[in-house]
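Structural features, examined
The primary structure of each chain is shown beneath.
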Number of protein chains: 2
Amino acid sequence: MSKQRTLRMECGKTTQVNYVLGTELSIDVYKPSPPRSQLFEIRFSPGIKCSVSHQQRVAPVTEDVVKSVLRKGTILLVRQDKTSRDVNDNKVTVTFYEDKSNNPIDKMTLQFTAVSISLDVDADRDGKVEENHPSKASWSWGPNGYGAILLVNCDKDDAFSSMPDNTDNLVNSRSDLKDMSRMILRTEGPQVLQAGYKFQLYISASERYNVRVFLNDRGRLTHVLGDQKLSFVANYMFGKKEYDFYVEGLTFPDKDFDGLVTINLSLLESMAVGEAPIFTDQIVFRMAPWIMTPNTLAPEEVFVCSVIGNEKFLKEFKAVVEKSKCKLTICPEYMNRRDRWMQDEIEFGYTEAPHKYLPVVLDSPRNRELKDFPYQAILGPDFGHVTRQSDVVNSLDSFGNLEVSPPVTVNGKEYPMGRIIIGSAFPTTSDGRNMAKVIRDFLYAQKVQSPVELFSDWLVVGHVDEFMTFVPAPDRKGFRLVLCSPDACCKLFKRLKQEGHGEAQMFEGQNAAPVKINEILSNQKLLNDNVYVQQCVDWNRDVLKRELGLDEEDIIDIPVLFTVDQQDRRAMSFFPDMVNMIVLGKYLGIPKPFGPLINGKCPLESAVRSALEPLGLDCNFIDDFATYHLKLGEVHCGSNVRRKPFTLKWWNMEI
Amino acid sequence: MSKQRTLRMECGKTTQVNYVLGTELSIDVYKPSPPRSQLFEIRFSPGIKCSVSHQQRVAPVTEDVVKSVLRKGTILLVRQDKTSRDVNDNKVTVTFYEDKSNNPIDKMTLQFTAVSISLDVDADRDGKVEENHPSKASWSWGPNGYGAILLVNCDKDDAFSSMPDNTDNLVNSRSDLKDMSRMILRTEGPQVLQAGYKFQLYISASERYNVRVFLNDRGRLTHVLGDQKLSFVANYMFGKKEYDFYVEGLTFPDKDFDGLVTINLSLLESMAVGEAPIFTDQIVFRMAPWIMTPNTLAPEEVFVCSVIGNEKFLKEFKAVVEKSKCKLTICPEYMNRRDRWMQDEIEFGYTEAPHKYLPVVLDSPRNRELKDFPYQAILGPDFGHVTRQSDVVNSLDSFGNLEVSPPVTVNGKEYPMGRIIIGSAFPTTSDGRNMAKVIRDFLYAQKVQSPVELFSDWLVVGHVDEFMTFVPAPDRKGFRLVLCSPDACCKLFKRLKQEGHGEAQMFEGQNAAPVKINEILSNQKLLNDNVYVQQCVDWNRDVLKRELGLDEEDIIDIPVLFTVDQQDRRAMSFFPDMVNMIVLGKYLGIPKPFGPLINGKCPLESAVRSALEPLGLDCNFIDDFATYHLKLGEVHCGSNVRRKPFTLKWWNMEI
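On a predicted model such as this, the values are computed, not experimentally measured, just so you know.

Thoughts on the overall build of chain A
Assigned secondary structure in chain A consists of nine helices and 41 strands. Scaling as 2.2 N^0.38, a compact globule of 655 residues should have a C-alpha radius of gyration of about 26 Å, whereas chain A reaches 34 Å, well beyond that. Within chain A, buried positions represent 61% of all 655 residues. A sequence separation of at least 24 residues applies to 72% of the contacts in chain A between residues at least 6 apart. Summed over all atoms, the accessible surface of chain A reaches about 25,900 Å², with 48% contributed by carbon and sulfur.

Right under this line is the structure:
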């Protein structure tokens, strides 16, 4: 239904108005009629579409002029689909008669100028700003969806700034414009229009910090909306004209921001008292979400820290990265300040609009010695940065505790970009540790990778990457969930003992007391610990099966043992935790477990190889014992990976 | 799909567990099998349902024992539908064979106690707590919907308190329990159970101020959840048993609270290290919304203030209320402290659950001299009170600016409880007046009467009741929208002038300078003002037609003139504003306009009568000139009405 505008006319007078294409004028014919009138007739200039409505029955008025019976509640509806060449070149006359004679008793005249006004965006997501898309004022998901998209302009195109571009109200360079979405105000009408018409572009106060608009006046860019500017007024222009705007997204969706931004346009008419809006138009943008990249996406760049003593580790790590042909970036010591936990300070992801792809790093509120690294080394031209700060942090705020599954389908519901995995306290505890609410709120608000919360607080460090990961697979769902399994490890050691290897020792040559298989299997405390840990892992296994729609065949159990601290009853791995691996395509960098050597071979490594190699994966065991394991982390904790984005565009998801 | 629980067994051992009806145990048969085993067979005691899953193919195991081929990934699934009489009276044995001979090489045994545990609420909304409703953990709208309902316990059953019952963590009286919803934890199992099992009832920290739970132990009520209490632990009880709880709603839905409250239950098993939850259950409540009552609902009680000088008004007002047979409550001067604007301080509404109806007054942040009235005179047993406070208030925060339409259908979408009407600044202005955000957020969050915002800031006082109201009608949609119309008034006066009554005077006998029709029609400033006002009203007319799905025939125009202040360009009525009426069923109390008398009759009154009387309405004109009109208000502003609730239950709406 086109927007109706009530208009009032008077007998003996000519009413002159501006009419905007796409609207409909609604004029009561009965009320202004002279008392004696019984009949009326309507004449109108060519191109106008008139109809008469009475008691909800609408009848078109033809050009053959006929007199109709005048009844209370008779409404004249007027439309025009072409813009005017001259002011007031459209004319409608209503003539009143007492009887069927041709002697009119009075008449009233409407003259109007038809103009076309349209606030336009790329509502069909093809990278071009089309004209007056019918659904530009709403937003819907999916391949048949529509609605324009904004990027959060969180990269840094300004070489002289230390902060992302969205933190100031400037256009930071010509390339900065490419991070914004175009919006065009198109008008068409006669070369001359009555004076006193103005445009007003406006946003609601609640959106002032979500969006900024710049007017592009032949290359001169002026900040016109956002921050303290809620509305922008310009004079109506003559003839056919375009106002060119750039719209800058400022904030990702979050708890208090559903991601939708509305920009309104009014055409204002000057009146004796104030200005009255005679037409409004509206467009809607959705802020592109921040998207995580699962292990099944191709790696592009790997990050690791150089610290005192980790040269051997770095050498072995580098060899794996070289196999994968990824770029390797080593964060030097002056920048990491001995904080080797590259996984924990940042999470790589991206955001995307039809016109632009932007990798974005999510910066944890953890803020240990690595805290300046994301600002100094990652934020830059076409590399964005987003963070959420929290006064109180704990170990679960580190991003070793933040992962994402590959795409899954759960009971028919598709998650084509996977589901975010967050480690939390057990739901029944009120005093456990959890990831900061600001981060969890942020992650939930992105919507496209609906999070699953696991129980990770049973671990001293408390990160999900200590007990689970995903590896690519050529069959089934395209991946396997890899879980640590104390049960598998105990079974393996029992078999080894039965086979006569009970005196074989772990940790040979490492800076740790050697332990025999027999000693492990007779250590009742250790065995009890691992029954408990297995139950914790099984709890998560059941949640993951349910929330990711996995079958037993989708899960691989990897032998790992844990030991539980007697005081705070939390667990840490007993030997290097092989689940805590880095996944670079088919190349895996796995913590070397230093298990008992049987005929010169490590049965723990063999178990992992025999589980993963059939999937075409290349297992590389890296010695992280002294430099990571003994400091309660492993290979994955000490590295990070930037990956290729999904080929699927997020707006083509059905949500 | 029933909830699966991963269980691990071991050869040569008997595993003993507690099993909860409705779940499924998932046991890997292959992993614990002895190396040489090729075949396995499963035996189980009667009543158990076993099936074997391999590569997602699930086959039931019959009681005829047969040997099956043991393959990697073989999972045994175990269910039981009856509770145990004795501990461990269910038994499943898996025996492993090397070949088809009957010589087993090893076996493993599962013994379990089947118990039934269910956290129950009135999920089917019939006022009774049924057992284990399949949809108790979710909530859906509509006549086929399900999900339990909580009331905000905002009345005051405690005679010695000055605050609503939800402000303390006490059960305030026996009748206070009727404002709460029942929740029952039902258990069934053997008379004796292994020691060490506990129940934990818990809520998330974000819901601690939305809900409180009391345990009813044979009449002794203990506060167990809510405020600082996030979890409650009790020992598992023996045999068939019910724990009886009362759940108290604390807060209406709002910006940060979607109205849904989840209560969780876990069955905890003691372990060597910590306690592991082996079963969880969940129920969901929705907080009943606050609902407004449109003019088409039957009036029950009318409120008005007694102030110095309004005796004549009160007498005429009382006469109309007596006609309607409503109760009349007059707020005395010591309580109103000369604040006569009874409409503005409060809005009557209600909330409802299947087990209880509760009228609730919404108390405006306006807080002028009437501010204690809602606490002192309205809040009480079975009369609730809710408020939202704002540091900064303006005239648009008064509830003359808050109305609700009768039920409407708009382009096929039903609003069976109508739509809330709020007066606001014009959308294009950033510096206009608006109703406080806390109140608007509250109103939007109730969801069942999706608000429409009109433009009321063009008025000095700025209330929607100055230009619109709804009256009941026997035909069409069951009501008419009544709008003030300067245009209708000007037309009427012009006709009177044409008929020779130009010298007739307004305001005869009132404390105001008389004005002739001729003077009005020659006052160009006044005429211009009213063209502007008509455009403001027409803007709202177009919005109301669109948002309430109204036709021209649903609208009645009532003659009113306005005058616009030259300084702040805002309008006030020129003579008593007849739209600002009180609607008591068919009886209308309308401000007496004191129009020009023509043959002893007021043509303004006649115009209103001829528009409304055909609908069966009884027009009563009340003199509010000196005591209300000259103070910028009228009859409606000075009164308030408590009405009957809708017969429709809000949870039967489709949203």
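More follows now that the structure is in view.
Describing the relation of the copies chain A and chain B
Superposing chain A onto chain B takes a rotation of 180 degrees combined with a translation of 0.0 Å along the rotation axis, leaving an RMSD of 0.1 Å. Taken together, these values place the two copies in the relation of a two-fold axis. No C-alpha of chain A approaches the rotation axis more nearly than that of A:D256, which lies at 4.2 Å. A shared interface surface links the copies, since 100% of the contact residues of chain A are contact residues in chain B too.

A word on helix α5 (residues 437-445) of chain B
Residue and element names in this part refer to chain B. Within α5, the full set of buried residues consists of I439, R440, D441, F442, L443 and A445. Here the buried face of α5 lies against β24 (356-363), β25 (384-387), β26 (402-404), β29 (420-424) and β30 (452-455). Of the residues trailing α5, K447 is marked for its positive phi of about 70 degrees.

So, the sheet that holds β26(B)
Residues and elements named next belong to chain B. Strands sit in the order β26-β29-β30 across an open sheet of three strands; the sheet is mixed. Unpaired on one side and paired on the other, β26 and β30 mark the two borders of the sheet. On average, each strand axis in the sheet is inclined to that of its neighbour by 35 degrees, with strand direction left out of account. In terms of strand pairing, β26 meets β29 through three bridges, oriented antiparallel. Note that in β29 the partner of L402 across the bridge is I422. This element, α5, spans β26, β29 and β30 of the sheet and lies at about 155 degrees to β29.

Observations regarding the sheet that holds strand β39 (residues 587-591) of chain A
Residues and elements named next belong to chain A. If you walk across this open sheet you meet the three strands as β38-β39-β40, and the pairing is mixed. The sheet terminates laterally at β38 (582-584) and β40 (618-622), the two strands that pair on one side only. On average, each strand axis in the sheet is tilted by 20 degrees relative to the strand beside it, whichever way the strands run. For β38 and β39, the ladder comprises three bridges, and the chain directions are antiparallel. Along β39, the bridge assignment pairs V583 with L588. Packing of helix α1 (residues 311-324) onto the sheet brings it into contact with β38, β39 and β40, and relative to β40 it is tilted by some 165 degrees.

Observations regarding the state of the cysteines
Covalent bonding between the sulfur atoms of two cysteines is what defines a disulfide. Residues and elements named next belong to chain A. Following the criterion strictly, the structure yields zero disulfides over all chains and no others. The thiol of C331 is unpaired, and the distance to the nearest cysteine sulfur, on C305, comes to 4.4 Å. On the basis of relative accessibility, which here comes to 1%, the residue C331 falls in the buried class.

Structural notes on the interface of chain A and chain B
Facing the 56 residues of chain A at the interface are 57 residues of chain B. Here chain A and chain B share an interface that buries about 4,800 Å² over both sides, 51% of which is from carbon and sulfur atoms. Here chain A is connected to chain B by 10 salt bridges. With a closest N to O distance of 2.9 Å, B:K494 and A:E10 form a salt bridge. When contributions to the side of chain A that touches chain B are tallied by element, the ones reaching two or more residues are β1 (4-7), β13 (197-202), β18 (260-270), β19 (275-287), α6 (486-498) and α8 (524-548) of chain A. Looking at the side of chain A that touches chain B, the element that brings in the most residues is α8(A), giving 12 residues. Its residues assigned to classes, the side of chain A that touches chain B comprises 16 nonpolar, 17 polar and 23 charged.

Side note on the pairing of strand β39 (residues 587-591) of chain B
All names here are of chain B. Of all five residues that make up β39, four are buried, and the element is covered over most of its length. The loop that links strand β38 (residues 582-584) with its antiparallel partner β39 comprises two residues; one of these, G585, has a positive phi angle of about 60 degrees. Note that β39 and strand β40 (residues 618-622) share five bridges and pair parallel. Across the sheet, L588 pairs through a bridge with C619, a residue of β40. Of the crossover connections in this fold, the one passing from β39 over helix α9 (residues 603-612) to the parallel β40 is right-handed.

With respect to the pattern of salt bridges
What the rule picks out here adds up to 104 salt bridges over all chains. Put simply, A:E552 and A:R541 hold a salt bridge, and the shortest N to O gap is 2.9 Å. Taken together, the residues span a long stretch of sequence, with A:E552 in the loop between α8 and β35 (555-559) and A:R541 in helix α8 at a distance of 11 residues. A:R541 sits in the buried class, given a relative accessible area of 2%. B:K491 is paired through a salt bridge with B:D487; the nearest N and O atoms lie 2.9 Å apart. Of this pair, B:K491 and B:D487 both sit in helix α6 (residues 486-498), four residues apart, which is roughly one turn of the helix. Given the relative accessible area of 23%, B:K491 is considered partly exposed.

Let's talk about the packing of aromatic side chains
Per the counting criterion, the structure on display carries 50 aromatic pairs over all chains. Plain terms: the ring middles of A:F252 and A:F442 are 5.9 Å apart, the flat faces sit at 80 degrees to each other, and that makes the pair edge-to-face. Here A:F442 lies in helix α5 (residues 437-445) and A:F252 lies in the loop between β17 (241-249) and β18, a separation of 190 residues in the sequence. Each member of the pair, A:F252 as well as A:F442, carries the same accessibility label: buried. On the basis of an interplanar angle of 85 degrees and a centroid distance of 5.5 Å, the ring pair of B:W650 and B:W651 is categorised as edge-to-face. Since its relative accessible area comes to 0%, B:W650 is described here as buried. In this structure B:W651 comes out as buried when scored by relative accessible area, which is 5%. Above the plane of the ring of A:Y415 lies A:K413, whose end atom (NZ or CZ) is 5.0 Å from the centre. Over the aromatic face of B:W139 sits the side chain of B:R286, whose NZ or CZ is 4.6 Å from the ring centroid.

Some points on the environment of A:M183
All names here are of chain A. With respect to the element layout, M183 can be found in strand β12 (residues 181-188). For M183, a relative accessible area of 0% puts it in the buried group. Taking the C-alpha atoms as reference points, M183 and F245, separated by 62 residues in sequence, lie 5.0 Å from one another. Ignoring anything within four residues of it in the chain, the contact list for M183 reads L119, D120, V121, L201, V213, Y243, D244, F245, V247, I263 and I283.

Side note on the packing of α6(B) against α9(B)
Residues and elements named next belong to chain B. Between α6 and α9, the least distance of the axes is 11 Å, while the angle of their chain directions is 125 degrees. Taken together, α6 and α9 sit at an angle that is classed as oblique. Both α6 and α9 take part in a crossing whose hand is right-handed. Across the interface between the two elements, C489, L492, F493 and L496 from α6 touch P603, L604 and A607 from α9. Classifying every residue of the contact of α6 with α9 gives seven nonpolar, no polar and no charged.

Concerning the packing of α6(B) against helix α8 (residues 524-548) of chain B
Residues and elements named next belong to chain B. Where α6 meets α8, the axes come as close as 8 Å, and the angle between the chain directions of the two elements is 140 degrees. Considered as vectors, α6 and α8 are oriented oblique to each other. Between α6 and α8, the residues in contact are P486, D487 and C490 and L527, N530, V533 and Q534, respectively. In terms of residue class, the contact of α6 with α8 is made up of four nonpolar, two polar and one charged.

Cut-off values and rules
- Residues numbered from 1 in each chain as written.
- Chains lettered and ligands numbered in written order.
- Predicted model: local features only at pLDDT ≥ 70, side-chain atom pairs only at ≥ 80, totals over all residues.
- Heavy atoms only, no water.
- Helix = DSSP H or I, 4+ residues; strand = E, 2+ residues; numbered from the N terminus.
- Rg over C-alpha atoms; globule rule 2.2 N^0.38 Å.
- Buried < 20%, exposed > 50% of the residue type's maximum accessible area, 1.4 Å probe, protein only.
- Contact = heavy atoms within 4.5 Å.
- Areas by Shrake-Rupley, 256 points an atom, 1.4 Å probe, with all protein chains shown as cover.
- Least-squares fit on C-alpha atoms with pLDDT ≥ 70 in both.
- Pairing = 2+ DSSP bridges.
- Axes fitted to C-alpha atoms, helices over the stretch in contact; angles between N-to-C directions.
- Disulfide = S-S within 2.5 Å.
- Buried area = accessible area lost by both parts, 1.4 Å probe.
- Salt bridge = Lys/Arg side-chain N within 4 Å of Asp/Glu carboxyl O.
- Nonpolar A, V, L, I, M, F, W, Y, C, P; charged D, E, K, R; others polar.
- Right-handed = clockwise from strand over helix to strand, strands pointing away.
- Phe/Tyr/Trp six-rings, centres within 6.5 Å; stacked < 30°, edge-to-face > 60°.
- Lys NZ or Arg CZ within 6 Å of the ring centre and 35° of its normal.
- Parallel < 35°, antiparallel > 145°, perpendicular 65-115°, else oblique.
- Left-handed = near helix turned anticlockwise from the far one by under 90°.

Spatial relationships are all this shows, so hold off on functional conclusions.
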